[in-house]
Amino acid sequence: MSRSSTKGGVAVKKTVLPPEIPELKNGQMSTVQMCVQFVSPSNREGDLAIRFDIKSSTGGAVPVEIRPRVGELLRVLSMKVDDFDSSFRKMQGFQRVSTAFTIAPAGIESLPQFIWKEIAFTPIGSLGWTVDGKLRMAGCLPATNDTVLALIECDKMSGSGTITTCCDHAVAGNSILNSLKQAVTKSG
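Residues numbered from 1 in each chain as written. Predicted model: local features only at pLDDT ≥ 70, side-chain atom pairs only at ≥ 80, totals over all residues. Heavy atoms only, no water.

Attention shifts here to the overall build of the protein chain. Counting secondary structure elements, the protein chain contains three helices and ten strands. For the protein chain, the sequential pattern of α-helices and β-strands runs β-β-β-β-β-α-β-α-β-β-β-β-α. Its C-alpha atoms give the protein chain principal-axis dimensions of roughly 60 × 35 × 25 Å. Buried residues in the protein chain amount to 37% of all 188 residues. Residue pairs at least 24 apart in sequence account for 60% of intrachain contacts in the protein chain once pairs closer than 6 positions are excluded. Carbon and sulfur atoms make up 52% of the accessible area of the protein chain, which amounts to about 10800 Å² in all. Placing the 21 positive and 17 negative side-chain charges of the protein chain at their respective mean positions leaves the two points 4 Å apart. (Helix = DSSP H or I, 4+ residues; strand = E, 2+ residues; numbered from the N terminus. Buried < 20%, exposed > 50% of the residue type's maximum accessible area, 1.4 Å probe, protein only. Contact = heavy atoms within 4.5 Å. Areas by Shrake-Rupley, 256 points an atom, 1.4 Å probe, with all protein chains shown as cover. Lys, Arg positive; Asp, Glu negative; His and termini not counted. Charge placed at Lys NZ, Arg CZ, Asp CG, Glu CD.)

Strand order in the open sheet made by the five strands is β6-β10-β9-β8-β7, with antiparallel pairing throughout. Taken across any chain shown, the strands that pair with only one partner, and hence form the sheet edges, are β6 (96-102) and β7 (122-123). Note: strand β8 (residues 134-140) against strand β9 (residues 147-154), seven bridges, orientation antiparallel. Across the sheet, A138 pairs through a bridge with L149, a residue of β9. Across the sheet, helix α1 (residues 81-90) lies against β6, β8, β9 and β10 (160-167), angled at about 95° from β9, the strand it touches most. Here helix α3 (residues 170-187) sits on the sheet in contact with β6, β8, β9 and β10, set at roughly 155° to β10. (Pairing = 2+ DSSP bridges. Axes fitted to C-alpha atoms, helices over the stretch in contact; angles between N-to-C directions.)

Here P142 shows up in the loop between β8 and β9. Sequence-wise, P142 and R75 are 67 residues apart; in three dimensions their C-alpha atoms are separated by 6.2 Å. In this structure, P142 is in contact with P41, S42, N43, V70, L73 and R75, ignoring residues within four places of it in sequence.

Residues other than glycine seldom take positive phi values, yet N145 does so here, at roughly 65°. Following the sequence through the fold, N145 ends up in the loop between β8 and β9.

Now the structure itself:
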């Protein structure tokens, strides 16, 4: 691997690269881990990015860019269902954004697990759907620890539903809503 460089708005503080991998024969593969520490966290999509090249013995190089989404960097936030519902009702205007979706009804039951693999939300209350077709999730923004609430409501018969996120940071809220919508549509 060649030296890494940042492309986003936050500089890299430290990068730990794996040792050089000897030439692989046809059909072989190798798994490595790379550690990247940024100077500071960010609530903005695209601020944290690193770009590097993976070089081969033939002289070629493959450019790689890692750009985690804000939703992948959410911090854990535990709360009771009543506290979630109360906070959710209070957030209005620019704090609240929604979008509609439709997925195949057969994929609805597995949707919560798929979302939690894509976005670092903490489930609130039940680990799955409530009886009335709701999925509550929460997290904290990485840089400011501001609360992010997400509610997915879905009709299990039709697969139609809405995703709503509530957050004091409109840009972060919209980014997380887009990540949720992508996760939902990919799953179904």
